[in-house]
Amino acid sequence: MLRVENLTVVCGGASIVDHVSFSVEEGRWLMIVGPNGAGKSTIINAVTQGAAYSGRVLFEGTDVSQFKPSQLAKKIGTLTQNHMVGYAYTVEDVIRLGRYAYTQGLFSAAADDETCIDQALELTGLKEIRGQSILTLSGGELQRTFLAQVIAQDPKLLLLDELANHLDLLYQKQMFELVQTWLEAPGRAVVSVVHDLSLAKRFGTDAVLLKKGQTLSFGPVEQVLSVERLNPAYDMNVREWMLNLLSLWK
């Protein structure tokens, strides 16, 4: 579904992303992992045409640079880490913005707008607060609202940059399970930037491991997130650290 070939992003003369290649197929959830400064979020930015790059990004065989923004929005939905919230829109208003790519004119609406919005509200559990101002929401509710907005776009591919950023354990669980449910429908795939390796192992099917902008490993998640590959990436014994933390709960 998505193929990234020799992606390179240069900033200030330095390669932030250096000849990175990976792909994700229908029904798969690819985790992009690695230490800080590995170029994870930059890859998402490049794929969505938000950063200049060399190499190729193909969606279903077509270079994404050939798509108009409205066309790309119908194929790829992106959820970023941070959301600017300085307006008193309702939850439903924010979700409705996800249908913008389908509008035919200033006052027109696509025939299935209401269906897509209702489905997004239902999936994310926001129906009961659809009329509530987003200024009154908790962090988890706000993140679910913006996820619902992306889902309402009805894309085939979700790009998620730190889906559970700044969320407590309950909301982390809810968000990842919501995406897992969304992925169960045919013709869909997910790519996530993830810091938490436990979440990557729990929900991912595939992974690409980065360090300083370069690919250390790409493949099935259980192979990529192995001790042999993780330790050099993080310059520490990752398994030992994880087990030490887990032992505190015995």
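Being a predicted model, the structure only gives us computed values, none of them experimental.

Asks: Would you mind going over the side chain of Gln-143 with me for this structure?
Replies: Mapped onto the elements of the fold, Gln-143 is located in helix H5 (residues 139-152). If we skip the residues at most four places from it in the chain, Gln-143 touches Leu-79, His-83, Glu-162, Leu-163, Leu-167 and Met-175.

Asks: Sorry if this is basic, but what is going on with the nonpolar core here?
Replies: Generally speaking, soluble globular proteins have nonpolar side chains that are buried together. Formed by 47 residues in total, the largest nonpolar core has its most connected members in Met-31, Ile-95 and Phe-176. With residues near it in sequence (within four places) discarded, Phe-176 still touches Trp-29, Met-31, Leu-163, Ala-164, Val-194, Leu-199 and Phe-203. One finds Met-1, Phe-22, Val-24 and Phe-59 within the second-largest nonpolar core, a separate group that totals 29 residues.

Asks: Quick question: what am I supposed to make of unusual backbone geometry here?
Replies: Peptide bonds are mostly trans, and most non-glycine residues show a negative phi. Phi at Gln-49 is positive, roughly 70°, even though this residue is not glycine. Judged by its relative accessible area of 32%, Gln-49 is partly exposed. Phi at Glu-60 is positive, roughly 50°, even though this residue is not glycine. Here Glu-60 shows up in the loop between strand E4 (54-59) and strand E5 (62-63).

Asks: Even after reading the chapter, I still don't get a nonpolar patch on the surface, so can you show me in this structure?
Replies: Taken together, the side chains of Met-236, Trp-241, Met-242, Leu-243, Leu-245, Leu-246, Leu-248 and Trp-249 define a hydrophobic patch exposed on the protein surface, amounting to about 890 Å² of accessible area. Positionally, Met-236 belongs in the loop between helix H9 (227-234) and helix H10 (238-247). Relative accessible area serves as the criterion here: at 36%, Met-236 is assigned to the partly exposed category.

Asks: I would appreciate a short explanation of the packing of aromatic side chains in the present structure.
Replies: Two numbers describe a pair of aromatic rings. These are the distance of the centres and the angle of the planes. Per the counting criterion, the structure on display carries 4 aromatic pairs. Aromatic pair Trp-29 and Phe-176: ring centres 5.7 Å apart, planes at 10°, arrangement stacked. Placement of the pair is Trp-29 in strand E3 (residues 29-33) and Phe-176 in helix H6 (residues 169-183), with a sequence separation of 147 residues. Between Phe-176 and Phe-203, the aromatic rings sit 5.2 Å apart at their centres with planes inclined by 35°, giving tilted as the arrangement. Placement of the pair is Phe-176 in helix H6 and Phe-203 in helix H7 (residues 197-203), with a sequence separation of 27 residues.

Asks: I'm lost on the pairing of strand E7 (residues 157-161) in this one. Help?
Replies: Within a regular strand, the side chains alternate between the two sheet faces. Along E7, 5 of the 5 residues are buried, which leaves the element largely enclosed by surrounding structure. Summarising the sheet, strand E6 (residues 76-79) and E7 pair through 4 bridges and their orientation is parallel. Opposite Gly-77, over in E7, you have Leu-158 as the bridge partner. In this region the chain leaves E7, passes through H6 and returns to the parallel neighbour strand E8 (residues 189-193); the handedness of that crossover is right-handed.

About the thresholds
Residues numbered from 1 in each chain as written. Predicted model: local features only at pLDDT ≥ 70, side-chain atom pairs only at ≥ 80, totals over all residues. Heavy atoms only, no water. Helix = DSSP H or I, 4+ residues; strand = E, 2+ residues; numbered from the N terminus. Contact = heavy atoms within 4.5 Å. Core = buried A, V, L, I, M, F, W, Y, C linked by side-chain atoms within 4.5 Å. Buried < 20%, exposed > 50% of the residue type's maximum accessible area, 1.4 Å probe, protein only. Patch = residues over 30% accessible without salt bridge, like charges linked within 9 Å, V, L, I, M, F, W, Y side chains within 5 Å. Areas by Shrake-Rupley, 256 points an atom, 1.4 Å probe, with all protein chains shown as cover. Salt bridge = Lys/Arg side-chain N within 4 Å of Asp/Glu carboxyl O. Phe/Tyr/Trp six-rings, centres within 6.5 Å; stacked < 30°, edge-to-face > 60°. Pairing = 2+ DSSP bridges. Right-handed = clockwise from strand over helix to strand, strands pointing away.

These results come straight from atomic positions and should not be treated as a statement about function.
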